[in-house]
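# Remarks on the overall topology
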Amino acid sequence: QVQVVESGGGLVQPGGSLRLSCTASGIIFSIGSTGWYRQAPGKQRELVATITSSRDTSYADSVRGRFTISRDNAKNAVYLQMNTLKPEDTAVYYCNAYIKSTGGRWQEYWGQGTQVTVSS
């Protein structure tokens, strides 16, 4: 069974940095596009950044230039480097990945989320 687990959240002051990690485990044949989403209290979940298997990236306008998504295929991992953090970045951050496991079909997986709080 495939599992996707995030880590690296926490409390940081405005202007600070955090690096989120997301690791997939289990029987994995291939990982396709992966991404980070976030959900702030009282708001809908929104897309933050995505990266394809060929490492093409895209970002929400609100984080472009401050956040960087990357992946390490050998470790089945995807990362989100977050710099110059703002209070409005406070949210639960979720990892999303399309993974091909046993059965040969692509399936979408979500992690459980990691809290990021930006506050002085």
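Residues numbered from 1 in each chain as written. Predicted model: local features only at pLDDT ≥ 70, side-chain atom pairs only at ≥ 80, totals over all residues. Heavy atoms only, no water.

This part covers the packing of aromatic side chains. Enumeration over the complete set of coordinates arrives at one aromatic pair. Geometry around Tyr79 places Arg19 over its ring, the cationic atom sitting 4.1 Å from the centre. Lying over the aromatic face of Tyr94, Arg45 brings its terminal NZ or CZ to 3.8 Å of the ring centre. (Phe/Tyr/Trp six-rings, centres within 6.5 Å; stacked < 30°, edge-to-face > 60°. Lys NZ or Arg CZ within 6 Å of the ring centre and 35° of its normal.)

Ordered by their spatial adjacency, four strands build an open sheet running 1-3-8-7, and the pairing between neighbours is antiparallel. Looking along the sheet, the strands with just one partner apiece sit at the ends: strand 1 (3-7) and strand 7 (67-72). The mean angle between the axes of side-by-side strands here comes to 15°, regardless of whether they run parallel or antiparallel. For strand 1 and strand 3 (residues 18-25), the ladder comprises five bridges, and the chain directions are antiparallel. If you follow Ser7 over to strand 3, its bridge partner there is Ser21. (Pairing = 2+ DSSP bridges. Helix = DSSP H or I, 4+ residues; strand = E, 2+ residues; numbered from the N terminus. Axes fitted to C-alpha atoms, helices over the stretch in contact; angles between N-to-C directions.)

The next point concerns the side chain of Ser21. Tracing the chain through its elements places Ser21 in strand 3. Residue class for Ser21 comes out buried when judged on its relative accessible area of 18%. Leave out the neighbours within four places in its chain, and Ser21 touches Val5, Glu6, Ser7, Trp36, Val78 and Tyr79. (Buried < 20%, exposed > 50% of the residue type's maximum accessible area, 1.4 Å probe, protein only. Contact = heavy atoms within 4.5 Å.)

Within the chain, Arg55 stands out as a residue other than glycine whose phi angle is a positive 70°. Along the chain, the position of Arg55 falls in the loop between strand 5 (46-51) and strand 6 (57-59). Judged by relative accessible area, which is 44%, Arg55 ranks as partly exposed.

Moving on, we get to the environment of Gly9. Residue position: Gly9 is located in the loop between strand 1 and strand 2 (10-12). Residues Gly9 and Leu20, spaced 11 residues apart in sequence, show a C-alpha to C-alpha distance of 6.3 Å. Every residue in contact with Gly9, bar those within four places of it in the chain, is listed here: Leu18, Leu20, Thr114, Gln115 and Val116.

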